[in-house]
Amino acid sequence: MGYNHKKIESNWQKKWEKDQLYKTSDDQDKPKYYILDMFPYPSGAGLHVGHPKGYIATDVTARMKMMQGYNVLHPMGWDAFGLPAENYAIKNKVHPRVAVEKNIKVFKKQLGRIGFTHDWSREVNTTDPDYYKWTQWAFIQMFKKGLAYESDEPIIWCPSCQTGLAMEDLEDGKCERCGSDVERKPLRQWVLKITDYADRLLFDLDSLDKWPDSIREMQKNWIGRSEGAKVKFEVRNWKSEIEVFTTRPDTLFGATFMVLSPEHELVNKITTKENEAAMIKYQEEASKKSDLERTELQKDKSGVFTGAYAINPVNKKEIPIWIADYVLASYGTGAIMAVPAHDQRDYDFAKKYKLDIVPVVLPDKASYLVIEKSLPQSLVKDLQKYGKVNVEKIDKDWGGFYRVEVELDKEPEFMKFMEDNLLESSDDGGAWYTDSMGTTDHAIFSGKTFSIKDKKSFEEFKKYGISLSIPKDQLDIVLEAFTDIDNGTMINSQQFDGQKPKEAIKKIIDWLEKEGIGEKAVTYRLQDWVFSRQRYWGEPIPIVHCPKCGAVPVDEKDLPVVLPEVKNYEPSGTGESPLAGIDDWVNTQCPKCGVDAKRETNTMPQWAGSNWYYLRYIDPDNKDALVDYEKEKYWSPVDFYVGGAEHATRHLIYSRFWHKFLFDIGAVNYQEPFTRLQNVGLIMAEDGRKMSKRWGNVINPDDIIDEYGADSLRVYEMFMGPFDQAVNWDTNGLRGTRKFLEKIFKFDKWQDGDSKEAKTVYHQMVKKVTNDVENLRFNTAVSAMMIFVNKIVEIGCSKEIFQNFLKVLSPFAPHLAEELWVKSGKDESIFLSKWPEYDESQIQVDTIQLVIQVNGKVRDKIQVEPEIAEAEVKKLALASEKVQKFLEGKESKKIIYVKGKLLSIVV
RNA sequence: GCCGCGGUGGUGGAAUUGGUAGACACGCUGGACUUAAAAUCCAGUGGUUGCAUAAACCGUGCCGGUUCAAUUCCGGCCCGCGGCACCA
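Residues numbered from 1 in each chain as written. Chains lettered and ligands numbered in written order. Predicted model: local features only at pLDDT ≥ 70, side-chain atom pairs only at ≥ 80, totals over all residues. Heavy atoms only, no water.

Participant: So what's going on with the overall build of chain A? Which residues, and what values?
Facilitator: Of the regular secondary structure elements, chain A holds 30 helices and 37 strands. Per-residue burial for chain A yields a buried fraction of 55% across its 907 residues. Counting contacts in chain A only where the partners sit at least 6 residues apart, residues at least 24 apart contribute 73% of the total. Looking at chain A as shown, the accessible area adds up to about 41,800 Å², and 48% of this sits on carbon and sulfur atoms. (Helix = DSSP H or I, 4+ residues; strand = E, 2+ residues; numbered from the N terminus. Buried < 20%, exposed > 50% of the residue type's maximum accessible area, 1.4 Å probe, protein only. Contact = heavy atoms within 4.5 Å. Areas by Shrake-Rupley, 256 points an atom, 1.4 Å probe, with all protein chains shown as cover.)

Quick look at the structure:
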């Protein structure tokens, strides 16, 4: 009888379902383990083989944890609101709900065939009114705390999807869903004050030490916290002030002009008559530019002069006020003080419009480039006296590049040394000073000019990235902004002259505060979360607009506000959602005063439902609360969360925000929702591209399961490579894992007892698999099982060891393991058995191979007992012919012995 | 440009408190079985020199360094991937 995967897999899937083997109990007598997959979006395309990779990994872990005695929660559900479902429905002319229901059925069937432990009695669906009741409830709590507010600021608008978007919904400046260029459009919208939580979202990242560093880093950058100061600049002949944010208050004395964003509220007030026309034209142009155009033109700065002047508060100098679109309205105060000597953007702008550049920090180091075909080592060592020397062999023909950074106080000695040792101090010398912009084609230093001996063109040097600096006495030729905050000394800054910029910042802020012209300040890149969409398929925002009371939340007892049926759910395009057209739904009474009022017709973004779904699995049928507080205390936080890295700055920030809010109002017990996070690497198609209908390279798991079986698919996906790394699908590799399972199926080399060798390889295998699953190294876990199987096929083993092996195999290949387990005479499911322990003492082997090295090279290998004495090893080593050959009768200077590993002889 | 991650055979990848580089698997080559093919089984498989299952040398992106010993540590650079991007 061959390995009939079809029969085995469908039999066991039915049996497990019938026995409710994976139903999770709320009994709190066992330690809990909550393992979670990012729930899928049930799209019309169905699953491809890449989708289940993460689910297989959590399933393997869940099964091992069950067998290790944990109460495991491993649920699954559907994230089914949002644009993709709606667009799919419009395209296929069906109601989104109908499409979603159909898709869920397909997904569920496909997932079922892979043999997961999901407890479907806890299934959640974000589009179920009993579910989104609590999404709406949470929104109302935020509204009550002032964290949900209406705003009329211009937002990002996608003309194709016809809805407003949050900044997180952009990809390369385009709509993430449809790829359209987006516009700025003023539109009334609901916004969540996530910035109130910015510091907590940032600082609590430190506690998430079981998250990938890359995700924590991305969130940190996304929040983009900057410390600095706010400084007030008076406008000349005008009563108002302009406030700016700067991270470099130490450069305040170098502020030679100011720049406002075109949208800044003061612009129209302070612009003088003669500049008005140009101003209006520039503002119009700026508003027409898409975000993409604004950033694409990065290098080409543009702006116009307002005609007005401000007073630099620290030195009372009058400085012109410009507007330019390189200053963003959405960051800081929407206005900057421009310090062209120490900010590259300001520098570029100043160069273009011929504005003053005043350096206020003098660099402490200059850098030189020395080119020499072969510089003697001794000379390099000498050079190090003057600063840092980097050796770069860039091009064979050119020999070595030696870049020398010199401390300025050692500069005369350095120059003398160079002339004495290396350079011809003539016009044909060899020392170069250049800037990274490549605008010089000759060297400038201390009044001396050198040019290169063999006349290679400057362009050739430029491509090697020659670096820069500003020589002390050449400050009038500032070639680029000097922005290094860790290097330099302040000048032109009155009482702060001579200080180091970093240390001066605090003193300057104190002084600004004393003088009443500025204060310490923090600002964030993160913006408040635009939370309304002008589309149909989402949770209605539970607000009523009353002509007397304003925005009033719906009474909690009236929740959910059910999404009404609508004839036409296509977007209206007017900036209003399709809900606005349903009069008998829109018209209602104010929950507060009872007068006629209108419902809010915007809906929530897709992320709303996914913010908190993991909490609902804990208590999916609760009618009185989002989640029972005591149950939540037991099950939360999620011990292990697995999903794609693409959610790093959206779902995973939104969720943390939402969770912290729920914590603040006492709805949940813990500050952070997810203890440990792991990213799944994508599975690419065999051709190396993403699997997509478009390329015709999609592999459907159903086909694979038909031909090779779910167990082969599971083992293969775990074996493909490191779990978090992208790999190409390879059907030949899949055949390899199938062969591995067949080998197990056919195994019949039984023995009564076990040899030492069999025991050793068994315990090694158990140890490796146990540890590797815990640490998500599934590929090496599978490899350990293969080594074990290869060995017992060769030497045989007892039934007992084989049964224990089946336990270890069972999380990976549950159907096959269960089948062979029962065939071997067991009555109860293998998943109710106890995970095997390994015995460290059994792993020890009788003899080990010890390596003998001579001068670090392996010359011989000897078989010895693990506990052999050092003296004995030496004796054996020196007796070896091979070793003798390399000793050539020489005396050994030193002998290094590493127990159990090697003996190294140095001669 | 900035931040993060990575670079190991023909391929996916193993091995890092520095200690035998290439586990395991795929592919390939040769052989067995077969009328033949597929499947299966056995053997070989980093490179160079070599009759060799003898031996030596080279080899973990590049250039240097530390060390008895470096894929692993240090300095510099190149390339690839991901994120951010006029963030003051």
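Participant: Report on the packing of helix H2 (residues 52–67) against helix H24 (residues 756–774), specifying residues and quantitative values.
Facilitator: For the pair H2 and H24, the least separation of the axes is 10 Å and the interaxial angle reads 120°. Our classification of the angle between H2 and H24 gives oblique. H24 is crossed by H2, and the crossing has left-handed handedness. Residues Val60, Thr61, Met64 and Lys65 of H2 form the contact with H24, whose participating residues are Thr770, Val773 and Glu774. When the residues that make up the contact of H2 with H24 are grouped by side-chain class, the tally is three nonpolar, two polar and two charged. (Axes fitted to C-alpha atoms, helices over the stretch in contact; angles between N-to-C directions. Parallel < 35°, antiparallel > 145°, perpendicular 65-115°, else oblique. Left-handed = near helix turned anticlockwise from the far one by under 90°. Nonpolar A, V, L, I, M, F, W, Y, C, P; charged D, E, K, R; others polar.)

Participant: Summarise the pattern of salt bridges; cite the residues concerned and give the values.
Facilitator: Once the charged atoms of two side chains with opposite charge are near each other, the side chains can pair. Within this structure, the stated rule accounts for 45 salt bridges. Across the pair Arg63 and Asp59 runs a salt bridge whose closest N-O atoms are separated by 2.9 Å. Residue Arg63 and its partner Asp59 are both found in helix H2; the two are separated by four residues, about one turn of the helix. You'll find Arg63 and Asp59 in the same group, each marked buried. One salt bridge connects Asp772 with Arg777, and the closest N-O pair in it is separated by 3.2 Å. Classification of Asp772 as buried rests on a relative accessible area of 1%. Overall, the relative accessible area of 40% leaves Arg777 in the partly exposed class. (Salt bridge = Lys/Arg side-chain N within 4 Å of Asp/Glu carboxyl O.)

Participant: Lay out the nonpolar core in plain terms, naming residues and giving numbers.
Facilitator: Grouped together as the largest cluster of nonpolar side chains are 179 residues, with contacts concentrated most on Trp729, Ile744 and Phe812. In terms of residue count, the dominant contributor to this core is helix H25 (residues 778–795) (nine residues). (Core = buried A, V, L, I, M, F, W, Y, C linked by side-chain atoms within 4.5 Å.)

Participant: Outline the sheet that holds strand E31 (residues 677–679), listing residues and values.
Facilitator: An order of E2-E1-E30-E31 is seen for the four strands of this open sheet, with the pairing classed as parallel. Since the sheet does not close on itself, it has two edges, and those belong to strand E2 (71–73) and E31, each with one partner. Within this sheet the neighbouring strands show an average axis-to-axis angle of 15°, counted without direction. (Pairing = 2+ DSSP bridges.)

Participant: Account for helix H4 (residues 96–112), with residues named and values stated.
Facilitator: Its 17 residues place the ends of H4 24 Å apart at the C-alpha level, agreeing with the 24 Å of an ideal helix rising 1.5 Å per residue. Summarising the contacts, the buried residues of H4 are in contact with H2, strand E3 (77–78), helix H3 (83–91), strand E4 (124–125) and helix H21 (701–708). (Expected span 1.5 Å × (residues − 1).)

Participant: Account for the environment of Tyr536, with residues named and values stated.
Facilitator: When you line up the elements, Tyr536 lands in the loop between strand E25 (529–530) and strand E26 (543–546). Distance from Tyr536 to Ser226, taken between C-alpha atoms, is 38 Å for residues 310 residues apart in sequence. With sequence-adjacent residues up to four places away left out, Tyr536 is seen in contact with Glu86, His95, Pro96, Leu563, Pro564, Glu565, Val566, Tyr569, Pro578, Leu579 and Thr603.

Participant: Run through the protein's contact with RNA strand B, naming residues and quoting values.
Facilitator: Neighbouring residues of RNA strand B: 60 residues in total, closest Thr247, Lys301, Tyr331, Arg345 and Gln725. Backbone atoms, meaning sugar and phosphate, make up 65% of the atoms of RNA strand B lying within 4 Å of the protein. One of the backbone nitrogen or oxygen atoms of Leu328 is found 2.9 Å away from a base nitrogen of RNA strand B. Measuring from a phosphate oxygen of RNA strand B, one finds a side-chain N or O atom of Lys739 at 3.5 Å. (Near = heavy atom within 4 Å. Polar contact = N/O pair within 3.5 Å; in protein donor to acceptor, adjacent residues only side chain to side chain.)

Participant: Could you give an account of the sheet that holds strand E11 (residues 189–192), naming the residues involved and the relevant values?
Facilitator: Ordered by their spatial adjacency, three strands build an open sheet running E5-E11-E25, and the pairing between neighbours is antiparallel. Each of the sheet's edge strands pairs with one partner strand only, and the pair in question is strand E5 (148–151) and E25. Relative to E11, E5 runs antiparallel, the two being bridged by four bridges. Of the residues in E11, the one forming a bridge with Ala148 is Leu192. Strands E5 and E11 of the sheet are contacted by helix H5 (residues 129–144), whose axis makes an angle of about 80° with E11.

Participant: Residue-level account of the side chain of His48, with values.
Facilitator: On the secondary structure map, His48 appears in the loop between strand E1 (32–37) and H2. On the basis of relative accessible area, His48 is assigned to the buried category, the value being 16%. Here the side chain of His48 touches Gly50 through a polar contact of 2.8 Å, landing on its backbone nitrogen.

Participant: Can you explain unusual backbone geometry? Please cite residues and give values.
Facilitator: Here Leu559 and Pro560 are connected by a cis peptide whose omega angle stands at 0°. Of note, Pro560 is situated in the loop between strand E27 (550–553) and helix H16 (583–586). Backbone geometry places Gln162, a non-glycine residue, at a positive phi of 55°. Mapping Gln162 onto the fold places it in the loop between strand E6 (154–158) and strand E7 (163–165).

Participant: Requested: an account of H2, with residues and values cited.
Facilitator: In this model, H2 (16 residues) spans 22 Å end to end at C-alpha, consistent with the 22 Å of a helix rising 1.5 Å per residue. With 15 of 16 residues buried, H2 lies mostly within the body of the structure.

Participant: Please give an account of empty space enclosed by the protein that cites residues and values.
Facilitator: Scanning all chains against the criterion turns up four cavities of 30 Å³ or more. By volume, the largest cavity is sized at about 180 Å³. Lining the largest cavity are 18 residues; nearest its centre among them are Gly82, Leu83, Arg533, Pro605 and Gln606. Residue classes in the lining of the largest cavity are distributed as seven nonpolar, four polar and seven charged. (1 Å grid on protein atoms, 1.4 Å probe; cavity = no way out; pocket = protein on both sides within 12 Å on 5 of 7 lines; lining within 4 Å. Points joined across faces, edges and corners; volume = space filled by probe spheres on them.)

Participant: Break down the pairing of strand E29 (residues 596–599) for me, citing the residues and quoting the values.
Facilitator: Pairing of E26 with E29 involves two bridges; the strand directions are antiparallel. What sits directly across from His545, in E29, is Lys598. As consecutive antiparallel partners, strand E28 (residues 587–589) and E29 are separated by six residues, and within that stretch Gly594 has a phi angle of approximately 85°, a positive value.

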